[in-house]
Amino acid sequence: MRADIAIVGGGVVGLSLAYGLRRLGRAVLVLDGGDGDFRASRGNFGLIWVQGKGVGAPHYARWTRRAAAMAPDFAAELAEATGIDLALRQPGGFDYFTDEAALAAQVTAMEGLRAELGGDYPFEVVGPNALRREMPEIGPKVVGAILGHEDGHMNPLRLLRALAQGVRHGGGRVETGVRVTSIAPLAGGGFALALADGREAAAEKVVLAAGLGAAELGPQLGFKAQVRPQRGQVLITERLAPFITRPSATIRQVDEGGVQIGASHEEVGLDDRETVAATAALARHAVEVFPLLARARLVRSWGALRILTPDGLPIYHRSETHPGAYLVTCHSGITLAAVHARLLPLWIEGAEGAPDLEEFSERRFAIQTAA
């Protein structure tokens, strides 16, 4: 197998990159693992989420907002190319609070970010009475919410399917059920990728977008690849008549009618199992916000592992020891899908219009440690 660019990892991040590189006319090969691997793209919450992201890191807020602004056009393009409706809706999103002090603290943090961004950061505080006028099912324990006007959600599994289909229809190759065991430079330039099944692949450039797998493969290409897992558990109810007008980071009504409830933040290593304690806590919060959910039947639940870096921000890094190798990782692949497809390929190719991503490089961790 030979390609211009090999992408290790076929989740939303890797496929978004592959889709964008195909649009630039590059021959791409995506090497994706098996169903038994830890797969954040199949267990995430499906949000296009801006509010709160970038507190203390305004460059991340700008990157996230850029992605959210590009999402509608990107979704329309994918729908036209593949016939798959991503069910993208961006009506704004609520962050619900049952504690007034916590609400005030978050408002203060977001006002600080708004100031860092020059005053351009659209959000507002919505009181309980206004919330109930919009959604009568809001519970009495809710003291208010923050409305982020750029937030929304989509069907993440449809996005994953549309990206894979778009890559293949564009002439790219997506190999599933394969594990890359090593990556090494070739004497004449480019890279050789050894697969666990004995096959080999070769490419001029290689992008490591393997999520938690980057920790093993990254050092072979000169990356520190400081990634770690964090478990999130999610519940979904039976289909219900529409009653939630906007998504939140913990409760959203999906396009098919079910209510998705999440997500925990658990430091448990490589363990994606569900626990009664976490799912019970999620259910309690959901019932506090929407008491009618106490009568809803749960039909599914799952656990999945986020991919986090030391500061929680994405890593976009060119290898300094292996020219032509790139590390791309983040825990917001749905939110950032549009910029990963439209702008990261320009950065990888060194093309006109490429974004300056130096603040997202691995070098920042050495600076933070020194400071």
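First, a word on what this report is: a plain description of the structure on this page. (Residues numbered from 1 in each chain as written. Predicted model: local features only at pLDDT ≥ 70, side-chain atom pairs only at ≥ 80, totals over all residues. Heavy atoms only, no water.)

Turning next to the packing of aromatic side chains. Throughout the structure, instances matching the rule amount to 11 aromatic pairs. A centroid spacing of 6.1 Å and a plane angle of 70° characterise the contact between tyrosine 19 and phenylalanine 74, whose relative ring orientation is edge-to-face. On the criterion of sequence distance, the pair formed by tyrosine 19 in helix H1 (residues 12–23) and phenylalanine 74 in helix H2 (residues 58–82) is long-range, its members being 55 residues apart. A relative accessible area of 7% places tyrosine 19 in the buried class. Look at phenylalanine 74 and you get buried, because its relative accessible area is 3%. Considering the side-chain rings of tyrosine 316 and tryptophan 347, the 6.4 Å spacing of their centres and the 65° angle between planes classify their relative orientation as edge-to-face. With tyrosine 316 in strand E16 (residues 315–318) and tryptophan 347 in helix H9 (residues 344–349), this pair connects stretches of sequence that are 31 residues apart. (Phe/Tyr/Trp six-rings, centres within 6.5 Å; stacked < 30°, edge-to-face > 60°. Helix = DSSP H or I, 4+ residues; strand = E, 2+ residues; numbered from the N terminus. Buried < 20%, exposed > 50% of the residue type's maximum accessible area, 1.4 Å probe, protein only.)

Moving on: helix H7 (residues 276–289). Given 3.6 residues to a turn, an α-helix orients residues that are three or four positions apart in the same direction. With 14 residues, H7 should reach 20 Å at 1.5 Å per residue; the first-to-last C-alpha distance of 20 Å fits that figure. The complete set of buried residues in H7 reads Ala278, Thr279, Leu282, Ala286 and Val289. The arc enclosing the buried residues of H7, seen along the axis, measures out at 95°, which places them on a common side. What points out from H7, more than 90 degrees from its buried face, is the exposed set Val276, Ala277 and Arg284. Buried residues along H7 sit in contact with strand E4 (93–97), strand E12 (228–239), strand E13 (251–253) and strand E14 (258–261). (Expected span 1.5 Å × (residues − 1). Arc of directions from axis to C-beta. Contact = heavy atoms within 4.5 Å.)

An order of E13-E14-E12-E15 is seen for the 4 strands of this open sheet, with the pairing classed as antiparallel. Both edges of this open sheet fall to E13 and strand E15 (298–308), since each of them pairs with a single strand only. Recorded for the sheet is a direction-independent mean angle of 20° between the axes of neighbouring strands. As defined by bridge partners, E12 adjoins E14 across 3 bridges and the pair is classed as antiparallel. Paired with leucine 235 across the bridge in E14 is isoleucine 261. Along the sheet, H7 contacts E12, E13 and E14; its crossing angle with E12, the most-contacted strand, is approximately 55°. (Pairing = 2+ DSSP bridges. Axes fitted to C-alpha atoms, helices over the stretch in contact; angles between N-to-C directions.)

Its location among the elements puts aspartate 272 in the loop between E14 and H7. Placed 40 residues apart in sequence, aspartate 272 and glycine 232 show a C-alpha to C-alpha distance of 7.9 Å.

Our focus in this paragraph is the nonpolar core. The tendency in soluble globular proteins is for nonpolar side chains to be buried as a group. Counting residues in each nonpolar core, the largest one holds 64 residues, and the members touching the most others are Ile7, Trp63, Phe74, Leu159 and Tyr316. Among the elements that make up this core, the one with the highest residue count is H2 (10 residues). For tryptophan 63, the residues in contact, after removing those within four places along its chain, are Tyr316, Leu336, Val339, Leu343, Leu344, Pro355, Leu357 and Phe360. Leu29, Leu31, Val178 and Ala203 belong to the second largest nonpolar core, which has 24 residues in total. (Core = buried A, V, L, I, M, F, W, Y, C linked by side-chain atoms within 4.5 Å.)

With respect to burial, strand E11 (residues 200–208) is a largely interior element, 7 of its 9 residues being buried. In terms of strand pairing, strand E1 (residues 2–8) meets E11 through 6 bridges, oriented parallel. Across the sheet, the residue bridging to isoleucine 5 is lysine 205, located in E11. Sheet analysis places strand E10 (residues 191–195) next to E11, joined by 4 bridges and oriented antiparallel. Bridge pairing in E11 places phenylalanine 191 opposite alanine 203.

Moving on to the packing of H1 against helix H5 (residues 156–169). The geometry of H1 relative to H5 is characterised by a closest axis approach of 9 Å and an angle of 35° between their N-to-C directions. Seen from above, H1 lies across H5 with left-handed handedness. Only Leu159, Leu160, Leu163, Ala164, Gly166 and Val167 of H5 make contact with H1, whose side of the interface consists of Val12, Leu15, Ser16, Ala18, Tyr19 and Arg22. Across the contact of H1 with H5, the residue classes tally to 9 nonpolar, 2 polar and 1 charged. (Left-handed = near helix turned anticlockwise from the far one by under 90°. Nonpolar A, V, L, I, M, F, W, Y, C, P; charged D, E, K, R; others polar.)

Attention shifts here to the pattern of salt bridges. Close approach of charged atoms allows side chains with opposite charge to pair. Inspection of the entire model under this criterion finds 23 salt bridges. For glutamate 175, the salt bridge goes to arginine 173, with nearest N and O atoms at 2.8 Å. In this structure glutamate 175 comes out as buried when scored by relative accessible area, which is 15%. By relative accessible area, arginine 173 is classed as partly exposed at 40%. (Salt bridge = Lys/Arg side-chain N within 4 Å of Asp/Glu carboxyl O.)

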